[in-house]
Amino acid sequence: DFSRAEHPFFTSNVSNFAALCPEILKGSPTLLGIDQWSCYWEWVWQPVAHRYMHNPDNFGIIQFSEYAEASTCGNLAWPARYVLAQVYQAQIAYVKEQGTYAEALSMLLAPAYCSIAN
């Protein structure tokens, strides 16, 4: 994925984050968080569906061609990868709520686990 992380300031003093990040967040609501691990912005070339961009199952595909009229080259593995990625996201939502993984796909079909928000 083409991406960039941008930090609003640089410091080696962790205590600066507690003072500076909440103030930056007031003027820039797209800042990811206020602690030392999330006080930055992430820029990507396409939507990733999550606040955290490091989800390769959500990366887009770029096709390069010599001709503008070239047909789209489909990846045969992509449909299976997409479905499996959705099952993974549903399992993560399930384990957050239940404390264990679902034993069957049917357990993941509830809207709390299987939705666009996951």
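Preceding this section is the structure that the text describes.
Residues numbered from 1 in each chain as written. Predicted model: local features only at pLDDT ≥ 70, side-chain atom pairs only at ≥ 80, totals over all residues. Heavy atoms only, no water.

Chemist: How should the pattern of salt bridges be read in this particular structure?
Modeler: Two side chains with opposite charge may pair up if their charged atoms get near one another. Tallied over the entire structure, the rule returns one salt bridge. A salt bridge links K26 to E23, with the shortest nitrogen-to-oxygen separation between them at 3.0 Å. Of the two residues, K26 and E23 are both situated in helix α1 (residues 15-27); the distance of three residues between them amounts to about one turn of the helix. (Salt bridge = Lys/Arg side-chain N within 4 Å of Asp/Glu carboxyl O. Helix = DSSP H or I, 4+ residues; strand = E, 2+ residues; numbered from the N terminus.)

Chemist: Any chance you could explain a nonpolar patch on the surface here in plain terms?
Modeler: There is a patch of nonpolar side chains on the surface, built from W45, I62 and F64 and spanning about 350 Å² of accessible area. When you line up the elements, F64 lands in the loop between β2 (41-44) and α2 (78-98). (Patch = residues over 30% accessible without salt bridge, like charges linked within 9 Å, V, L, I, M, F, W, Y side chains within 5 Å. Areas by Shrake-Rupley, 256 points an atom, 1.4 Å probe, with all protein chains shown as cover.)

Chemist: Mind showing me how you'd approach the packing of aromatic side chains here?
Modeler: Each aromatic ring pair is characterised by the separation of its centres together with the angle its planes make. Evaluated as defined, the whole model comprises two aromatic pairs. Here the aromatic rings of F9 and F17 are separated by 5.3 Å at their centres, their planes lie at 50°, and the arrangement is tilted. (Phe/Tyr/Trp six-rings, centres within 6.5 Å; stacked < 30°, edge-to-face > 60°.)

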